[in-house]
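Here is how the chains run, residue by residue.
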Amino acid sequence: MLRLPNPGSDISGFIRIFQVLYEELWELGEFSLDDMSRALVERNLATSCGYMGNQALARSTRRDRSRDPLYNQSKSYSELFRLLGWIHPTVESRLQFTFTYFGAHVASAQRDTKAIFKETVLGIAYPNEVVDVKTVCSLRPFACILRAMLGLNGKMCRDEIILGPLSLSNDRDDREFNAMISDIRKLRGRYEDLDRALDQASSIRGITRTTMGNYTRFPLAVLLWTGWAKKIRSKKEYQKSLVFLELTTQGRKQAESVCQQHDVRESDLNSLPNDEYASFARVVFYQMLERAGFDLKPIRSQLTIDINQLKSGSKESKLLEKRECLFSPFQESDPAKLIAMFPNPAVSRKTELQNHEMGVITTTAHGQHSTITTPVLLREQEGAGSSADDGDVKLQSEIRCLYKSNGKDVDKTVSALREKYESSNQDVYYPLIAGMFRCLGYDCEHSRAGVNYQRWDAFIEDEVNSVPIEIKSPGEELHLSVKAIRQSLENKVILLSRKPYPTTLQATTLAVGHYLPNDRSEVAALIDDIKSTYQITVGVIDFSSLTQLVVARLCQKKLHDKSALTRLFGFVKIANA
Amino acid sequence: MINQPSQDSSDLSKSQTLKQLRRTSTQRKLLPGKDPAKVYWDEHTGSGTIEFSDHTTSIGTCLRCPDSPCIQYQPDELVVPFLPSFPLDATPRVCPTDAIHWPLEQAAPSIDSENCIGCGICIARCPSAAISFIDNNAVVCDDESPEFVTASEEEEDEFTSSRNKLLQSPRSGSISPTGSGQLGKFRSKVDKAIGDLDSQFPNLLCRNLFLSLGVSAAIRRRGDTNIRLDMILGPPGIDAATAEIEVGYGGILDAPRNLMDNVAVLCNRYGIEKSAVLPVVVASELPNQRSEYWQLVSDISTVLQMEVATITWGSLALMSWNRVRLTNETLRTFYADETTYSIRTGLEGAIGRSVLGDEGYPGLIESQK
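Reading the values: the criteria
Sequence positions are assigned chain by chain, starting from 1 and proceeding in written order. As they are written, the chains are lettered A onward and the ligands numbered 1 onward, keeping that order. Totals for whole chains, interfaces and linings use all residues, but because this is a predicted model, local features are given only for residues with pLDDT of at least 70 and pairs of side-chain atoms are given and counted only at 80 or more. Excluding hydrogens and water, the side-chain figures rest on all heavy atoms present in the structure. Here, nonpolar core means buried Ala, Val, Leu, Ile, Met, Phe, Trp, Tyr and Cys residues that are tied together by side-chain atoms lying within 4.5 Å of each other. Any residue under 20% of the maximum accessible area for its type is buried, any over 50% is exposed, and the rest in between are partly exposed; the area is computed with a 1.4 Å probe on protein chains only. Only DSSP runs of H or I covering at least 4 residues are called helices, and only runs of E covering at least 2 are called strands; the numbering of each starts at the N terminus. We call two residues in contact whenever any of their non-hydrogen atoms come within 4.5 Å of each other. Centres within 6.5 Å are what make two rings of Phe, Tyr or Trp a pair, Trp counting through its six-membered ring; a difference in plane orientation under 30 degrees is then read as stacked, over 60 as edge-to-face, and the rest as tilted. Geometrically, a lysine NZ or arginine CZ counts as sitting over a ring once it is within 6 Å of the ring centre and also within 35 degrees of the ring normal. Two N or O atoms form a polar contact when they lie within 3.5 Å of each other; inside protein one atom must be a possible hydrogen donor and the other a possible acceptor, and for residues adjacent in sequence the pair counts only when both atoms belong to side chains. Cavity means a closed set of points on a 1 Å grid over the protein atoms alone, one where a 1.4 Å probe fits but cannot get out, pocket means an open set with protein on both sides within 12 Å along at least 5 of 7 lines, and lining means a residue has an atom within 4 Å of a point. Grid points are joined across faces, edges and corners, and a volume is the space filled by probe spheres set on the points. Nonpolar residues are Ala, Val, Leu, Ile, Met, Phe, Trp, Tyr, Cys and Pro. Charged residues are Asp, Glu, Lys and Arg, and all others, Gly as well, are polar.

Trainee: Quick question: what am I supposed to make of the nonpolar core here?
Mentor: Buried together is how nonpolar side chains tend to be arranged in soluble globular proteins. Ranked by size, the top nonpolar core spans 135 residues in total, and within it Tyr534 of chain A together with Ile131, Phe186, Leu205, Phe210, Val282 and Met319 of chain B carry the most contacts. When residues of this core are assigned to their parent elements, the largest contribution, eight residues, is made by helix α5 (residues 255-270) of chain B. Those residues in contact with Phe210 of chain B that lie beyond four places of it in its chain are Val215, Ala217, Met231, Leu233, Val282, Ile311, Leu316 and Leu326 of chain B.

Here it is as structure tokens:
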């Protein structure tokens, strides 16, 4: 199956991003991914680590570029724009780029970007000399999808697109194409047949159905955005209401036009002499521009020369000259070949800007907030280890047994318990967490369903500093996120307002989850924001830390200062005193 | 109609790119001596009329503006001054459903009635009252009028002067004819569009409605997972506001807590005074009275001294049709909690008239039981 990239469905968005990049960078001649990141941030088209503007750039940049979010984002854009033929890598480096002559026209198409984008997607063909995609198929995907829709009563659903056009090995083989149409027609009638066919395809290819679906996101977004298709629901085809894409009037017209055009691939041109190749490339490219609403008057004379060259050239050239061709040189030909055939938009400026610094961004601002931690110290104390609540006897026993069976190793005990509850849902997890707090000597209960004012998931009752607890079970989210922090804030506001239990502003509001956040800096930043703006303290405890405290108390006779948790600010950090 | 652009037909220099064909200008200007006194919409027919200082009148007719303000915003219209680095969605479309187009071969823009949701934003943008609601859809009038003549491209200044005179003329009358059921139709078309269009549609609709109320507005760029604010609003009229946009009842309970997050971020990271930021929930309809939403709004007011305004899409549309200019004070009147469950006071105060029932838009200003 052809694996198309998924740049998201905001096609206007990434076209705009390209146009902005062109505005900012075309004068450089060559530009890097860092240049792209800088340009995007300066034009408010990229954010990172919860920040906008220069702060985003500062916080994103890191030595390990593979973990630099903005760098990776620029890399994704560069891969997309290469596929679209709007940029090419330089001869010297695959991570340095130049805008193509085609890209320059996309950038200048302010009146109607749709028209030139349509030509672009129709120009995508595999294999090609521009992007290294390992594929054994010979396919012009968007043209193929349009032709297939025409052959299937003007509509196809996503799953049919997966099994049909995107699974062909050669879309110019009429037999294979017609067989594909016929196969899909046979599937129509019963949804079970379609479902089974998808399962088989998934199994044979070793790709999940979800992943296969992801490969269709870009084509579906394109079909809708271009206006070639609209979404409808239909039960007719499979006796089950499914979403189909149906060709619109203009989509049908486009599909019919594609059927009339001569689909040329780079491999067809191998035998062409260089001068005829150049003429052909220019003729088809300018025909693309003309269809996209560009005025060709300034280059008519060159075009006439090229057309005459084809007319008088080899047999292949004559064929190419006869029909309108579907071929996009900047998306299929070797970039090095094209340099001599087309104007280079940046050449005239490069000499003026040789001193421009394409510098490396250096900063260490990222991770600034990840250090909001509060140490909770453990001290040995006589009399520790017991808990009053009979209902927690089972939990205590479980923990003690695990401690023994793990050779009295705290880390192993914590890991074992953590793994045991790693797939728990709320019904198990909330009472478990409340029970663990009770093991630590807190008067803690989890909330019962249906009690409206109890918006929190658990609660530590105290005469002065009651603490609401927001719990995220692994079933809800494995790693705590800003969602839990927001809910913790809400819990505290409700408690302060409605006062069902006594509390103060100084008492914390807790968020408890199975693992700490993947991106601690974003969560820490929000905790800091809340503290600064509202003077409300949010504390975060992960399951491992909570278990460590419980094991310390039950098995090692070590206690912690209880107020350390009820005033916790930021992430808990357990340490021995 | 299609022009050959201004490009030398001599050999193309190496650095030049070709240009897209553009429209031959057929913009209109006022006859000399014609000064508009006011622009109004007929309350029965909804059609736009221009009255001149000499007491003559003209139908509102299309000026064929080269920059087509009924179709697109200019980039600087989409920036909110208090936070210029906001990663905004710079979609320049005025029409949230992309129903208005101006093909090269047409003399004036036209509106696809199938896709028109009757929001009236294009009507609000038109300087010459050329667009009006007919049978609940927006329609462009391009009829000839003796008060207007074609201006050549060289008469750009005269065109601009005519347009400015029209824009500065006092306007009256609601663009939605009385008893037309416009609001109810708007609601049902919006509900359908939500199912048909992409996920950014509700945000675009809300942004453009706010823009039509004379404030600056920006929605977050789609796919940006770093910034959590849905929308920000700013001057003129509003100092600073942050909004959460909600469709249906599903996420509305989350909206107040999201706003607390937004305000904290704006204050701590971008130095905006807490008292200067207005938090707003922009909802398709008001949540019902059983929802915890109202109590939560009250809690936030009590504890954080922040009054969350709740405003429905229908309220925005009604205010737009009545040319309300939104201010901090007006926005504050949209505060509602469990003691009121209603934004009637806010809306009626803004549009200067009573609102009868829900005008075909359930949950417009009163929370349903």
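We are not done yet, so read on.
Trainee: Help me out: how do you make sense of the packing of aromatic side chains in this one?
Mentor: How two aromatic rings sit relative to each other is set out by the distance from centre to centre and by the angle between their planes. Taken as a whole and judged by the stated rule, the model has 35 aromatic pairs over all chains. Centroid distance Phe31 of chain A to Phe97 of chain A: 6.1 Å. Interplanar angle 40 degrees. Geometry classified as tilted. Residue Phe31 of chain A is found in strand β1 (residues 31-32), and its partner Phe97 of chain A is found in strand β3 (residues 96-99); the two are separated by 66 residues along the sequence. In this structure Phe31 of chain A comes out as buried when scored by relative accessible area, which is 1%. For Phe97 of chain A, a relative accessible area of 1% gives the class buried. Considering the side-chain rings of Phe280 of chain A and Phe327 of chain A, the 5.5 Å spacing of their centres and the 45 degrees angle between planes classify their relative orientation as tilted. Placement of the pair is Phe280 of chain A in helix α14 (residues 274-291) and Phe327 of chain A in the loop between β8 (325-326) and α17 (329-332), with a sequence separation of 47 residues. One exposure class covers both Phe280 of chain A and Phe327 of chain A, and it is buried. Across from the ring centre of Tyr191 of chain A, 4.3 Å away, lies the NZ or CZ of Lys240 of chain A, which sits over that ring. The positively charged end of Arg187 of chain B is found above the aromatic ring belonging to Tyr361 of chain B, 4.9 Å away from the centroid.

Trainee: What is the right way to look at the side chain of Thr509 of chain A in this model?
Mentor: Mapped onto the elements, Thr509 of chain A comes out in strand β13 (residues 509-513). Excluding residues that lie within four positions of it along the chain, Thr509 of chain A makes contacts with Val467, Pro468, Ser488, Asn491, Lys492, Ile536, Thr537, Val538 and Gly539 of chain A.

Trainee: Would you take a moment to explain the environment of Arg43 of chain A for this structure?
Mentor: Residues and elements named next belong to chain A. As for its placement among the helices and strands, Arg43 is situated in the loop between α2 (33-42) and α3 (53-60). For the pair formed by Arg43 and Gly53, sequence separation is ten residues and the distance between their alpha carbons is 8.3 Å. Beyond its immediate stretch of four places on either side in the chain, Arg43 contacts Val20, Glu23 and Glu24. Polar side-chain contacts of Arg43 include one of 3.0 Å to the side chain of Glu23.

Trainee: Looking at this structure, I do not really get empty space enclosed by the protein. What am I missing?
Mentor: Over the atoms, a rolling probe the size of a water molecule traces out where space has been left empty. All names here are of chain B. Under the counting rule described, the total for this entry stands at seven cavities of 30 Å³ or more. Taken together, 15 residues make up the lining of the largest cavity; nearest its centre are Cys62, Cys65, Cys70, Cys126 and Pro127. Residues belonging to the lining of the largest cavity are distributed by class as follows: twelve nonpolar, two polar and one charged. Quantified by volume, the second largest cavity comes out at close to 70 Å³. Taken together, 13 residues make up the lining of the second largest cavity; nearest its centre are Cys95, Cys116, Cys119, Cys122 and Ala138. Residues that form the lining of the second largest cavity fall into these classes: eleven nonpolar, two polar and no charged.

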